[in-house]
Structures are given as C-alpha cells and as structure tokens.
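For reference, the chains in residue letters:
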Amino acid sequence: MKIHHLFWGICLCFSTNVLFAQNYQKTSSGIKTTVNAVDIEVQFFAPAVARIIKSPEGVAYEKESLSVIAKPEKVSFKADIQDNKIVLNTSELSVSVDTGTGIVSYFSKDGKSLLAEKSGMQFIDFDDAGTKTYQVYQPFVLDKEEAIYGLGQLQNGKMIQRNMTKNLVQGNVEDVSPFFQSTKGYGVFWDNYSPTLFTDNEVETSFRSEVGDCVDYYFMYGKNADGVIAQVRSLTGQAPMFPLWTYGYWQSKERYKSQEEVVDVVRKYRELGIPLDGIIQDWQYWGHNYLWNAMDFQNPTFNNPQKMIEDVHAMNAHMAISIWSSFGPMTKPYRELDKKGMLFNFTTWPQSGLESWPPNMEYPSGVRVYDAYNPEARDIYWKYLNDGIFKLGMDAWWMDSTEPDHLDWKPEDMNTKTYLGSFRKVRNAYPLMTVGGVYDHQRAVTSDKRVFILTRSGFLGQQRYGANVWSGDVASTWESFRNQIPAGLNFSLCGMP
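What counts as what
Residue indices follow the written sequence of each chain, beginning from 1 at its first position. Totals for whole chains, interfaces and linings use every residue, but because this is a predicted model, local features are given only for residues with pLDDT of at least 70 and side-chain atom pairs only at 80 or more, for both listing and counting. Each side-chain value is worked out from all heavy atoms of the structure, with water and hydrogens disregarded. Here the term cavity refers to a set of points on a 1 Å grid, laid over the protein atoms alone, in which a 1.4 Å probe fits but cannot get out; the term pocket refers to an open set having protein on both sides within 12 Å along at least five of seven lines, with lining residues being those that place an atom within 4 Å of a point. Grid points are joined across faces, edges and corners, and a volume is the space filled by probe spheres set on the points. Numbering goes from the N terminus for both helices and strands, where a helix is a DSSP run of H or I of at least four residues and a strand is a run of E of at least two. For this classification, Asp, Glu, Lys and Arg are treated as charged, while Ala, Val, Leu, Ile, Met, Phe, Trp, Tyr, Cys and Pro are nonpolar and the rest, including Gly, are polar. By this definition, two strands are paired if DSSP reports at least two bridges between them. For helices, the axis comes from a line fit to the C-alpha atoms of the stretch in contact; other axes are also lines fit to C-alpha atoms, and the angle between any two N-to-C directions lies between 0 and 180 degrees. By the definition adopted for this analysis, an angle is roughly parallel if under 35 degrees, roughly antiparallel if over 145, roughly perpendicular if from 65 to 115, and oblique otherwise. Crossing handedness: left-handed means the near helix sits turned counterclockwise from the far one by under a right angle, and right-handed means the same turn made clockwise. The contact criterion used is simple: two residues touch if any of their non-hydrogen atoms lie within 4.5 Å.

Q: Requested: an account of the layout of surface pockets, with residues and values cited.
A: Computed from the structure, the largest pocket encloses a volume of approximately 880 Å³. Every residue lining the largest pocket is counted, 39 residues in all, and those nearest its centre are Glu64, Leu66, Leu420, Lys425 and Val426. Of all the secondary structure elements, the ones that give two or more residues to the lining of the largest pocket are strand E11 (131-141), helix H6 (375-388), strand E26 (421-422), helix H7 (423-426) and helix H8 (430-445). For the lining of the largest pocket, the element with the highest residue contribution is H8, accounting for 6 residues. In terms of residue class, the lining of the largest pocket is built from 15 nonpolar, 12 polar and 12 charged.

Encoded structure:
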C-alpha cells in the first residue's frame, strides 16, 4: 500500500512539473511564455539587464530598435517554477513572471524588491494611417517615497519626476526620451518612438504610446546612478570624446552678417588677449528664405567662405555653422529629395519666404522637412553638406530644428509617410536619425577630426553620435534660467552628456 501511494505521489509530482514546464520555453537568452492570451518574452542582454517583449498571442511583428544597438550576451541563468511564478536568476538579477497574471517583477540577487509591473497592460486596436497596429500601455508600481529622474530634458522645473502626467513628444525647448532611473538603483527604457503619455500618481507609474506593435522595454540594475548610466550606454552606445577645443569658450550671437564680421570678431579676441576656441555662424549665410539651408554660401556677404574658414584657423580658432532639417524650394537638396518623395508636407519654420515678422503668409516659404528615417535621404543630405561646407574645412555642426519644427499642427500630419512607417510611429526618434546621419557620414569620410554636433533635440542613443544638446529657444527670464538646471541634470541622468 505504501509503495502504491509513493508511486502515485511520484506521478503526481512528475505531471505537475510537466504542466509547469509547458508554461514556458527556454531560449538562448531567456524564456518565452504565454499568459492570458499574451505572448511574453524575457531576454537577458547582460546579467543585470533584461528586455521584456509582450504581444497579443500569435500575432507576428517585426521590431528593430532605433536606440538599442547592443545584442543579447551569452548570460548564464537558471529558470524554474516557484509558487506559480517562472523565476529567472542571473548572477546580478532575479526576474519573475507570474503564470496567472503575466506580471513581471524584479529583485536584486539578495532578494531586495526593485520594481514590479501592475496588472492592466493593454493592446488597443489602432489603424495607423492604414496599418493595423495597437496603442500600447504598461503600468508599474513604485514605492511611495521612491525618487525617479530622467524623461529627457523637460522645462517643468522639477528634479524628481513624480506626481505628474506628461505627454512625451519632441519640441523646441523640450527633448523627450521614455526613460527613467530610480534611487533604488535601476533604470527603465520604454523602447517606443511614438508620442507617449507618461503618468505617475498614487496608483501607478505608466507609459501609454500611440503606436506600438508590441510592449518593449528594458530593465537595468546598475545599483546607483552611475551604474544605470553605464548600463544604458552599454545598450544604446558609448559617448565618444568631444574635440578638446569644444571645452573652451565659444562666441555666438543671433548671427554674423558677413564673413568679414566673423573674422574680425576672432581677430579682436586675439588682440585683447581673451581666450577663444570657437565661433558659430548661425543662419542666413545661404541667402534668402527660398534658399533655406542650401548648404551653400549664396549670401553675397559670404563670397569667399574658404578664405573665411582659413582665416579663422590661422588665428588658432575653430568654426561651427548652422544647418537645418529642412530645405527651401530653390535649393539643390530640395529638388533632388522632392523628386524621390523624401520631403514631408507639414508646416515647418520659416513659414514665409520674406524675413519680416510676423510671417507674411501671402508669400509662403515652401520650406519642407526631409525624411531623415530614409538612409538614401541621409546620403543626399550629407552629399550637399560635404561638398558645400565640410570640404572647406568646417570643424563642427550646429544642427538646428532637429526635433523638427512642426507648426500649425494638424492630426492628419501624423499620418505623413516616412521610410519607417507613419510619422506618428517614429515621431520622437527624428533627432536620433538626422544627427546620426551626419555623424556616420563624417566618420566614413575622415578620422582626422572628431565629430562635434551641437543640436536642439535629442533622443536616447544620440550620445553615440558626438552630440551635445542645448535646451532650445528658451525665454530670457530668471524662471527659465532656473529651469535649465533640473532640465540638464535629468537629461544627463538619461545617459546623454
């Protein structure tokens, strides 16, 4: 009788283990499972970094990250069932997936609770300019006294980004990235490029994106702020060293109106013995607004740009110049891009071909933003930039309106077709793509100069492109000045210097 009971006990244990084993499939980098008609995958990119991907059961999709360039490492981990949870342990992290709810939770290797998802994740059917996809939503639960930082560069004057609702979409004075890091030593990157509502209140901390084929986010445990920054850069790219001269003093104004003025300013600094390392030429060196961003010196007051740059270099100074993400209709880049359907139709700056203010809409400028998501468009952009300016010896780039300017906003503008889908789908990654195009092309041409790009907008991963972001056309007030301190600190805590 005892042997009979023992036999059935062993069978029961075996069948239970088989049942639980069927709840997940082990992969080379983690596990896959399905809970409540949702496919869930956990991928380890490092012992302390996990990627979570969720999608409706059986729905196929393709997702290639624009920000993350790392690949999953060969991470040693153990997976087993404990209390109706699939538990994965690495040398640094413990991740559990509840087999009843699908909730994912994170713990340090010594068992300290770090973060947990909250129930209520959603996939809402959405027609994105003719493509069937979803609006995606994932809530988390944070400790009441836990501080978080990041979300990009916001002008809210807050250092701690709690108790707020913020629609994350690129703008002139706000650069957004759906990333935060906690005083508990972890960071979360929500890998989505569409407008995303971030909410933090007493109930939840959540991301809700307008477009997403899947829920896709990265959890990283760095133990402290520096550790989290190291992890996010290991995922999205290291920040290359800037040229030494860029750490010195730069001279800039609204714009210099002739090449003689540029050279005379540098000469005066040298005469006065005041240290100066760089000078910036802002807009209108190309001429009138119909020649907007021609990447060519058509303004007659800049009739010998080669000599201008040589004169600046002869005084041991360097030069940067303004370039934009848009082109006027009389420019060569516009004509080539337009023939290939690589220009957007929504309204951008400047709106009038005349320089008077306010814009005279009787004379529309016709300026249009180029499709920086398209690799061929980025090639064309660089071709004119290289031939018209870089070959003259220009040292650095002031990339303006990289968010880009989107004026007179209309809902249908977001249906604009890009190389990677609707503008809505990839809206927030525009600065990453256009800045990356200039960096990659310059590096391909020469390694004689380190790349330096001063730019008005940024998105996570942009630090790998020699980019330094400024906070846009902020107002000249003490309140605005005060806001730049938490704005810059939170931006840097996203891993972008």
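Q: Residue-level account of unusual backbone geometry, with values.
A: Trp349 connects to Pro350 through a cis peptide bond whose omega is -10 degrees. Residue Trp357 is joined to Pro358 through a cis peptide bond whose omega torsion reads 0 degrees. Take Pro358: it is sitting in the loop between helix H5 (332-339) and strand E23 (368-369). Phi is positive for Asn163, which is not a glycine, with a value near 55 degrees. Along the chain, Asn163 turns up in the loop between strand E12 (148-153) and strand E13 (164-168). Unlike most non-glycine residues, Asp408 shows phi in positive territory, near 50 degrees. Along the chain, the position of Asp408 falls in the loop between strand E24 (396-399) and strand E25 (417-418).

Q: How would you explain the sheet that holds strand E3 (residues 38-46) if you had to name every residue and give the values?
A: Across the sheet, 8 strands lie side by side as E1-E2-E3-E4-E18-E15-E14-E12; this open sheet has antiparallel pairing. Each edge of the open sheet carries a strand with a single partner, namely strand E1 (24-26) and E12. Across the sheet, the mean angle from the axis of one strand to that of its neighbour is 20 degrees, orientation sign disregarded. By the bridge criterion, 5 bridges tie strand E15 (residues 186-190) to strand E18 (residues 215-221) in an arrangement that is antiparallel.

Q: Can you tell me about the packing of H6 against H8, naming the residues and giving the values?
A: It is at 10 Å that the axes of H6 and H8 come closest, and there the two elements cross at 60 degrees. The orientation of H6 with respect to H8, classified from their angle, is oblique. Viewed along their axes, H6 and H8 form a crossing whose handedness is right-handed. Only Met433, Gly437, Val438, His441, Gln442 and Val445 of H8 make contact with H6, whose side of the interface consists of Arg378, Asp379, Tyr381, Trp382 and Leu385. Of the residues in the contact of H6 with H8, the class split is 6 nonpolar, 3 polar and 2 charged.

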